[in-house]
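Structure assessment
Below are the chains, spelled out letter by letter.
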Amino acid sequence: MLSKLSDLAIIIMGQSPSSNCYNSINVGLPFLQGRTTFGRIFPTFDTWTTCWNKEAAKGDILLTVRAPVGDINIAPTELAIGRGIAAIRATSCHPIYLFYLLEANKTFFTNNSTGTIFDSIKYNDISNMVFNVHSYAEQLYIVDTIGSVDDLIEKYQQIIVKINIKIQLLFEKIMLTIKISDYKDLKFEDFTSIRTGKKNANASSVNGKFPFFTCAKENLYTDTYEFDEEAILISGNGDINVKYYKGKFDAYQRTYVITANQYFFYLYCISKNNITELINSSQGSVIKFITLKMLKNINVKIGNQELHAHFEYDISLLMNEITDISNKIDSLTHLKIHMLDKYFS
């Protein structure tokens, strides 16, 4: 049955409160201005506000209405929303079904966006979008089927979180050991080769075979690959973050691809632990970005070789575990994409 989005849900456009109300100490409501802290399904929070104009309820779908348009998450709790977010509250369909419906039809939003530099989409554009909606019994089946895949992905991601905690503890241990012994102060550029990808962000393919690393936290896919190696990947702007990958992949032109012949996992951990500093020192008045010079100048403390050899060995085992689990997540992600296409094309 064809239905307008406004017949399926209440649409609440965000409105930004005064920045004087913002804080980072959990006072007031969690606040989202855009997709910066979006996750695969649920966002995390780094900002709270003591005053707000518009809010989303727990379970509402969060839709980005300013660049990039069309990204969605689900509100894990009540939260305040700024002008870059709309909250969509299902009224005439299953809320998770609506989430999958919108996820499968992201192009509806991007094709209706306006603007040259910053795309945006308005209330009328959103509310008047027409979708082919399944019966409620079919909705329940789709939610159960795709949801089982999402549950497995979530389970594997939680395992990766636990492994990363182990990696962080080992890194903190080696840093403490190095600081109380003799060490050399060197720079990131002394050990690394730093390149960037060549592709535009729109080079991704929904059914692509190879990971495509952009400036988003979530990986995309592409039909071709430029790199076949073990690499540290640092996004140069947008959602600045650090990733690891071993194998065939491609990268966006503002994503740094970093290789090293020694201390590889030590340098990876240093990159991850310097990300906050990189973000704070990033340049640009509108879109923040990090430069090659910033990366080259990251400080690296080197201790004795035996210490580093043990660290590299221990971390390599843990990273192999992460790679194996990530491959399972990739397979499940492709299965989910296939299901979305099957039910909503």
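Everything here concerns the structure above.
Report follows, based on the coordinates. As the structure is a prediction and not an experimental result, all values here were calculated from the model. Every chain is numbered on its own, with residues counted from 1 as its sequence reads. Two thresholds apply to this predicted model, a pLDDT of at least 70 for residue-level local features and 80 or more for giving and counting side-chain atom pairs, whereas whole-chain, interface and lining totals are computed over all residues. Values reported for side chains reflect all heavy atoms of the structure, with hydrogen atoms and water molecules removed beforehand.

Direction vectors running N to C along helix H2 (residues 95–104) and helix H5 (residues 136–179) enclose 70°, while the axes themselves pass 9 Å from each other. Regarding the angle of H2 to H5, the classification is roughly perpendicular. Contacts from Ile96, Tyr97 and Tyr100 of H2 reach H5 at Gln139, Ile142, Val143, Ile146, Gly147 and Asp150. Here the contact of H2 with H5 is composed, by residue class, of six nonpolar, two polar and one charged. Each axis is a line fitted through C-alpha atoms, and for a helix only the stretch in contact is used; angles between axes span 0 to 180 degrees, taken between their N-to-C directions. Secondary structure follows DSSP: runs of H or I at least 4 residues long count as helices, runs of E at least 2 residues long count as strands, and numbering of each begins at the N terminus. Angular relationships are summarised with four words: roughly parallel below 35 degrees, roughly antiparallel beyond 145, roughly perpendicular across 65 to 115, and oblique for the angles in between. Contact criterion: two residues are considered in contact whenever any of their non-hydrogen atoms come within 4.5 Å of each other. Residues were grouped as follows: Ala, Val, Leu, Ile, Met, Phe, Trp, Tyr, Cys and Pro as nonpolar; Asp, Glu, Lys and Arg as charged; and all remaining residues, including Gly, as polar.

A few words on the side chain of Asp60. The residue Asp60 is located in the loop between strand E6 (55–56) and strand E7 (61–64) in this model. A residue is classified by how much of its surface remains accessible, and Asp60, at 3% relative accessible area, is buried. By the criterion applied in these results, polar contacts are pairs of N or O atoms within 3.5 Å in which, for protein atoms, one can donate a hydrogen and the other can accept it, and in which residues neighboring in sequence qualify only through two side-chain atoms. Within the structure, Asp60 has its side chain in polar contact with the backbone nitrogen of Ala57 (distance 2.8 Å). Separated by 2.8 Å, the side chains of Asp60 and Arg89 make a polar contact. Discounting residues that sit within four places of it in the chain, Asp60 has contacts with Asn73, Ile74, Ala75, Ala87, Ile88 and Arg89. The buried label applies to any residue whose accessible area, calculated with a 1.4 Å probe on protein chains only, is under 20% of its type's maximum; exposed applies above 50%, and partly exposed to all values in between.

Moving on to the sheet that holds strand E9 (residues 79–81). Pairs of strands are assigned from DSSP output, requiring at least two bridges between the strands. Taken in spatial order, the five strands make up an open sheet running E3-E5-E4-E9-E6, and their pairing is mixed. Unpaired on one side and paired on the other, strand E3 (22–23) and E6 mark the two borders of the sheet.

Centre distance and the angle of the planes are the two values used to describe a pair of aromatic rings. Aromatic rings from Phe, Tyr and Trp, with only the six-membered ring used for Trp, were paired whenever their centres fell within 6.5 Å, and each pair was classed as stacked if the ring planes differed by under 30 degrees, edge-to-face if by over 60, and tilted otherwise. Applying the stated criterion across every chain, the model contains 16 aromatic pairs. A ring pair is formed by Phe213 and Phe249, whose centres lie 5.6 Å apart and whose planes are at 80°; its orientation type is edge-to-face. Remark: Phe249 occurs in strand E17 (residues 242–251) and Phe213 occurs in strand E14 (residues 210–213); sequence separation between them is 36 residues. Phe249 shares its class with Phe213; the two are buried. Seen in terms of ring centroids, Tyr244 and Phe265 are 5.7 Å apart; in terms of plane orientation they differ by 50°. Their pairing is tilted. Of this pair, Tyr244 sits in strand E17 while Phe265 sits in helix H6 (residues 264–273), and the two are 21 residues apart along the sequence. Residue Tyr244 shares its accessibility class with Phe265, and that shared class is buried. Ring pairing ties together the aromatic residues Phe213, Phe227, Tyr245 and Phe249, which thus form one cluster.

Here the expected span of a helix is defined as 1.5 Å times the quantity of residues minus one. Helix length check: H5, at 44 residues, gives a terminal C-alpha distance of 62 Å against a target of 64 Å (1.5 Å per residue), a fit within 8%. The bend reported for a residue corresponds to the angle between axes fitted to the seven residues ending at that residue and the seven starting there. The largest bend in H5 comes to about 25°, at Gly147.

If you trace the backbone, Gln139 turns up in helix H5. Sequence separation between Gln139 and Thr44 is 95 residues; the distance between their C-alpha atoms is 28 Å. In contact with Gln139, not counting residues within four places along its chain, are Cys93, His94, Tyr97, Val133 and His134. From its side chain, Gln139 meets the backbone nitrogen of His94 in a polar contact 2.8 Å long.

Once that is clear, we can look at helix H9 (residues 305–344). Taking 1.5 Å of rise per residue, 40 residues should cover 58 Å, and H9 covers 56 Å from first to last C-alpha, within 8% of that figure. At the N-terminal boundary of H9, the capping side chain belongs to Asn304, with an oxygen 3.2 Å from the backbone nitrogen of Glu306.

The next point concerns the pattern of salt bridges. Salt bridge, as applied in this entry: a Lys or Arg side-chain nitrogen positioned within 4 Å of an Asp or Glu carboxyl oxygen. Scanning the model with the defined rule gives twelve salt bridges in all. Between Asp71 and Arg35 there is a salt bridge; the shortest N-O distance is 2.9 Å. Placement of the pair is Asp71 in the loop between E7 and strand E8 (72–74) and Arg35 in the loop between strand E4 (29–32) and strand E5 (48–49), with a sequence separation of 36 residues. Arg35 shares its class with Asp71; the two are buried. Where Lys199 meets Asp250, a salt bridge forms, and the shortest distance between an N and an O atom there is 2.3 Å. One end of the pair, Lys199, is in the loop between strand E13 (192–196) and E14; the other, Asp250, is in strand E17, and 51 residues separate them in sequence. You can call Asp250 buried: its relative accessible area is 1%. Taken together, the salt bridges that share partners define one network made up of Arg40, Glu103, Asp150, Glu154 and Lys336.

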